[in-house]
Structure formats: structure tokens, C-alpha cells
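# Notes for the structure review
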Amino acid sequence: MSQGQLRRQSPASDQVFDYRVETQGETVRVNLGGDEIELTVTAQSDQEGWCRTPDGNLHSFVWAWAGHSLELWLDGNVFTFERVERRRQGDRESPVGGADIVALMPGTVEQILVQPGDPVERGQTVIIMESMKMELSVAAHRDGVVKQIPVGLGQQVDKGMRLLELEEQSEEAASN
Amino acid sequence: MVANRGEIAVRVQQTLKTLGISTVAVYSDPDATAPHVLMADEAWPLDGKSAAETYLDMEKIITIAHRSGAEAIHPGYGFLSENPMFARACAEAGIVFIGPTPESMEALGDKISSKELAQQAGAPVVPNSPPCDRVDDAVDRFVATWGFPLLVKAAAGGGGRGMRLVNSVEGLAPALESAGREAQAAFGDGRVFLERYIPRPRHVEIQVLADGLGNTLHLLERDCSIQRRYQKIIEETPSPVLTPELRRRMGEAAVAVTRSAGYVNAGTVEFLVDSESGEFYFLEMNTRLQVEHPITEEVLGLDLVEWQVRIASGEKLTLKQEDIQARGHAVECRIYAEDPYNDFAPSVGTLERWLPPNGPGLRLDSGVTQGQTVSTYYDSMLAKLIAWGPDRVSSLRRMELALSQFPVLGLVTNIQFLRQVIRHPQFMEGDYDTGFLSGNSELSQPESPEEDLNLAQALVAWAMDQAPSQQPRIQAGPAAAQNNPWRTAGKLRLP
């Protein structure tokens, strides 16, 4: 028997749920936040197979680790999960309206249109990237002043890498 | 020798091998163990990562062709396939370029001169302005005549790059500038022009074949109206909207353009069909094998690459126009590493699982295998899935089933999205145009997999119970990819 907490990553919103699972041969009893589900799992290998739900329907599945995510293909749809670990003290998610402008996809920095000290407006194009032969405009997500630009022209950047940092917002500015 | 990568380099080699021709592959550093390399009789490194220092480097490619003793080069599509300088360099080096002459590539590769040529051949064209880099008199005159919206297009363009839709006079100058910049970066030619915008057109193209002895024929149409960001993702033949009369007129126009360009080998004449008036307009001619050529092969029972090779070696076209009759219906879906629910953002990673379907009428042209890493260096198309059926409904049903039996894990693909489009009532009816994807908001969300969510959660819980210690089996990131023993084993690098 094992238990834990998982987060499902979805474009709409992430969902966190508790699980407890008990496996006896092919019979798998799962408790999801209080709801009990019983499955018969016929595994072809440790990462793919079929399962039968109580209504008698068969479903095929394949799963794999992809980095820190557990990806599950089920009847033609892909679901992505990750294990919820206890957060270390001091960790915090970058808030919306934060100081950083990050790359939303990997690519190359083609043009830098602002310099440190420049004021920028929300929606203003600050950097032009090229990714898979497409030109992509990167816009400021809020008004502010450019603090620093940690990337250079022609640099290859990964998804999530910081492209530009704005000055921290003062309290009054943030509430305006 | 095949001067390309990915699925097309695999597909071309398959034909060469059936013809008893030995193959030479070339590869960039990230492609060292890609399928197109592993299947080749010989494989030569291009030393580098970016397209510019590898598959676009003419000198490296011609040097390798010489050293390997290759008699001919097939350029595939993209990269050097429509570059007249490359075709010329091959000729000068005494190597056969499998494709048209550099002269007809030049005449047809430029969108402005190709439209003039088509007009002279009697094909209807969409009105356009001369090249322009800023708002000048010619631009003002064009706007006064045709109004907004209009399109800014790159003279050397293709694949939607260097193209902008402009709705107002304020948008004109920025669009000219950014399209010119994108065109310069993509094609090394920043010239752009304006074109009248045909709302809600269908994109229908005619495949042609011409030998060096004056025989030209067309191989019917492909409807490529399902596009995202001006790039095709689903193609089918026959087109659900072409009447026999329209098909005949478009076929004749395509043959006339091909003849008047003195064109030899396989090519594709692209047309816009106005959904409302039923009129058609010449758009451009692609002087290469198209990505979507397999659907033509499936309904005609032909091998277009084989004909390309035969024509390049001077053989005569033995096919007759009256023999060209479609049998059944074929549809192609392009499998991309991208997230259709996040503005089609490209996705990178390792293909942890790649389990393609199989069954009656299915064909997969693939350039990847399980375990391969997909990087940002090249186009994000992984493979093409093609379904044939005795009629349209059966080929679409086969496609829908195949897409639901195609597990891919490790990076995000558009497979689920393609299935959503295929089963969409409007697509099933054949009632769609190039605005279909952007105009259907229900396609911007995944089709409620929420029903299966409980089961998915239960299965993941089971998976954690089975193998919780495997996390993370391989650390993500570039360092991990380098430490993967399977990648480094062949390179004799000792710790």
C-alpha cells in the first residue's frame, strides 16, 4: 500500500489530489480524496497495459516519466501529473506581475529593443525571438522600468529562461 | 545522396533503395543517430547544429557528395530544395540535381515574377503591388484600388513566413517592416509586396509531373485548407469542393503554367479557390516535392520520388493524362511537436514513448524513433500519418481511429487536436476554408478528457505504487542528455 499527493498539470488550472492505493495481483483499489475506485489492471509491461473499470469497459494506457512529470496516455488523451513534494521554506511562486519576463518557448534572441533604464508599457514589444523559423515578439506583461537584460543577441535560450528583468514595483504603483 | 533530414530524408531513401540505388545521408550533430542516418548506406557528418551551418551549407554538402561519389542529390523539401544557386552548384560539380533547372526555379521561386508568368500562361492571378519596403505612391495606389484588409507577403516567401494580414492604414508600415525583417532572416531576401486579400479561401493545389522531352501532365488536386499560422496541418484528396469541371480547368491551368516555365520534374501549382464565387486564382508554384505528396501517391498508386529520379535520369513519362484517375480518398495529418492549446508553441524534449498505430489503409512517414531528442534547431514536424479509404468517410474514420491509437509521451504533440479537427462536424461535411482553425473557438480547448480524469488519477496512483523509485529515471536538461550512455556510447569518449 502507498499513498501521497499528486498535482495534475492542465492548461485550465492545476489540481492537487490525495491518493491511497492498494495492489493485490491485478486488483487495484484506489482511494481518491475519499472516493473508492476498483480496477483490474493487466499490465503488458510495468508502463503499459489495459485496465477494466467496474462498468466492464476496457481502457488501454501507457505511462512514462518525462523529467519530473509523469505522463499518462489513456484512450487517446494525454494527462500530465507531478508528485507534490513538501516545499522548502522561502520558496515561492513568481507572482503574476512580477519582475521577470521569461521565454515562453525555446529559441534565439534576434533583437533587443530596449536598454536598462528604459521605461516600458504593458504590451510593448521588448525582445524579438526566433523559434523554429518563426519570429516571435516578446511583450512586457506590465508597465515598468528595465532593470537588466541577462541575454545577448543571437543567444539560444530555453523555455522559462529569464529574458529581461524589470525594476521591482513599488507598493503604490502596484495598487494603481 | 539525400541533402535533408527527418521524415523526407527517410522517405526518399526508401524509394532509392527499392530502385537498387545506394544512399548517402548527411547529418548535423543533434541528428547523429536519427533514423535517416541509421538507414543510409553511408552517412557523413555536417559538423554543426544550426541549419545554416549544416543542411543549408552548400559547400559542405557538395564536398561530401564528391567524396562519397554520389551521382545525384535529392534535396527533399525546405533547406536547399528551392535554391537555384544550389542547383547550379550541383550542375557545375557534375552532380545531377533531382529537381527542376535553376532557371525555372528562379522564374517561379520569386512570387512576383511567377505571377507574371502565370498570367501570360492564361491562369487567373490575385492582384498584387510591385515590391515595396515602406508606404510609397505605389502602395497608396494599391490600397486605393483594393482597400483593406490586404496581405503583406515576402517575394521569396513560403510557409507563411514574412506574411502579415493588415486591416488598417496604421498597421501598414509596421507590417511592411516586420515582414521584411522576417523574410530577410528566413530567406536572405527582404523584399515584400502587397496582395489583395481573398476572404475565406480554400487552398487547393495541383501536382504536376514533366519530363525533359516535353511531356507534362497533372496528377489531380490536394485540398490543404486546414492551416494554422498559414501552415498546412491536414490535407486531403480529392477536394470535397471541386466539381469535375473546376478540376479540369485548374488542371489545365497548372499544366499551362508548368509548360510556359519550361519546367521539368515534379512540382505543385497552388491555387486559392474563392468559396463564395467558385473562382480560382494562381498563388505560386512550388518547385519541389511537397510535404503532402503521399496522399496523391495513395489515390493514384504512384511513387512520386521514383518519377523524380526517372525524370532526372532522362527517362520519358510513360503515364498519360487519361490514365490519371483517383481511386478512393486519402487524408494526411502532420504530427507536430507543439501545443495546439497554447498558441501552437513548439515543444521540445525526449520522445519517451513513440508508439505509432497500424492497420488497413494506414501509412506513416516518420523521421523519429522512441528515445530520440527533439530540439529547437529545425522544423517541429515529427511525422505524417496518412489514411486511405475507398471513400472520404472511410478514410476519415480510419484517420480518427489511428489518431486515437497513437501514444506519444515526453513532449507535447498535436495528435489529440488533429483528432478533434477530423471529427468536427464541419470538417466531416467538407465545409471548411483556410480560416477554419482560427474561427472555431471550441478547438482552442481539449475535448473534455475530464470524463476520464478519475480513471487517469487512479492509474497514476497505481503507477506510483509500481515504480515510485524511478523518479526521475533520467534527469531532465542538456547535461542529462549528454550523460545518457546510449548517446555517448558510439563516440568513444572516456571519463
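Scroll up to find the structure.
Residues numbered from 1 in each chain as written. Chains lettered and ligands numbered in written order. Predicted model: local features only at pLDDT ≥ 70, side-chain atom pairs only at ≥ 80, totals over all residues. Heavy atoms only, no water.

All right, on to the overall build of chain A then. Check the secondary structure of chain A and you find 1 helix and 16 strands. Counting over 176 residues, chain A shows a buried share of 39%. Counting only carbon and sulfur atoms, one obtains 44% of the accessible surface of chain A, whose full area is about 9900 Å². (Helix = DSSP H or I, 4+ residues; strand = E, 2+ residues; numbered from the N terminus. Buried < 20%, exposed > 50% of the residue type's maximum accessible area, 1.4 Å probe, protein only. Areas by Shrake-Rupley, 256 points an atom, 1.4 Å probe, with all protein chains shown as cover.)

Per the secondary structure count, chain B includes 17 helices and 21 strands. The C-alpha radius of gyration of chain B comes to 23 Å, within 12% of the 23 Å expected for a compact globule of 495 residues. Its C-alpha atoms give chain B principal-axis dimensions of roughly 70 × 55 × 50 Å. For chain B, buried positions account for 56% of its 495 residues. Pairs at least 24 apart in sequence give 65% of the contacts found in chain B among residues at least 6 apart. When the accessible surface of chain B is split by element, carbon and sulfur atoms take 50% of a total near 19900 Å². (Rg over C-alpha atoms; globule rule 2.2 N^0.38 Å. Contact = heavy atoms within 4.5 Å.)

For side chains bearing opposite charge, pairing can occur when the charged atoms are close. Residues and elements named next belong to chain B. Under the defined criterion, the tally for this structure stands at 43 salt bridges over all chains. A salt bridge links Glu195 to Lys115; its shortest N-O distance comes to 2.8 Å. Linking Glu195 in strand S7 (residues 192-196) with Lys115 in helix H6 (residues 111-120), this pair joins segments that are 80 residues apart in sequence. Across the pair, exposure class does not vary: Glu195 and Lys115 are buried alike. Taking the shortest distance from any N to any O, the salt bridge between Asp365 and Arg363 comes out at 2.9 Å. In this structure, a network of salt bridges that share partners links the residues Glu205, Arg222, Lys232, Glu235, Glu270, Glu292, Glu332 and Arg334. (Salt bridge = Lys/Arg side-chain N within 4 Å of Asp/Glu carboxyl O.)

Now for helix H11 (residues 304-312) of chain B. Residues that lie three or four places apart on an α-helix share one face, since the helix turns once every 3.6 residues. Residue and element names in this part refer to chain B. What H11 keeps buried is the set Leu304, Val305, Trp307, Gln308, Val309 and Ile311. In this structure, the buried side of H11 is in contact with helix H1 (6-18), strand S8 (201-210), strand S9 (216-228), strand S11 (265-274) and helix H10 (293-300). For H11, the capping residue at the N-terminal end is Asp303, with a side-chain oxygen 3.0 Å from the backbone nitrogen of Val305. Just past H11, the residue Gly314 takes up positive phi, approximately 90°. (Polar contact = N/O pair within 3.5 Å; in protein donor to acceptor, adjacent residues only side chain to side chain.)

Taken together, the contact between chain A and chain B spans 56 residues of the former and 56 residues of the latter. Between chain A and chain B, roughly 5200 Å² of surface is buried when both sides are summed, and carbon and sulfur atoms account for 64% of that area. Remark: the boundary between chain A and chain B carries 0 salt bridges. At the junction of chain A and chain B, the tally comes to 8 residue pairs in polar contact (both at pLDDT 80 or more). Considering every element that reaches the side of chain A that touches chain B, the biggest residue donor is strand S6 (residues 58-66) of chain A, with 7 residues. For the side of chain A that touches chain B, a count of residues per class yields 33 nonpolar, 13 polar and 10 charged. (Buried area = accessible area lost by both parts, 1.4 Å probe. Nonpolar A, V, L, I, M, F, W, Y, C, P; charged D, E, K, R; others polar.)

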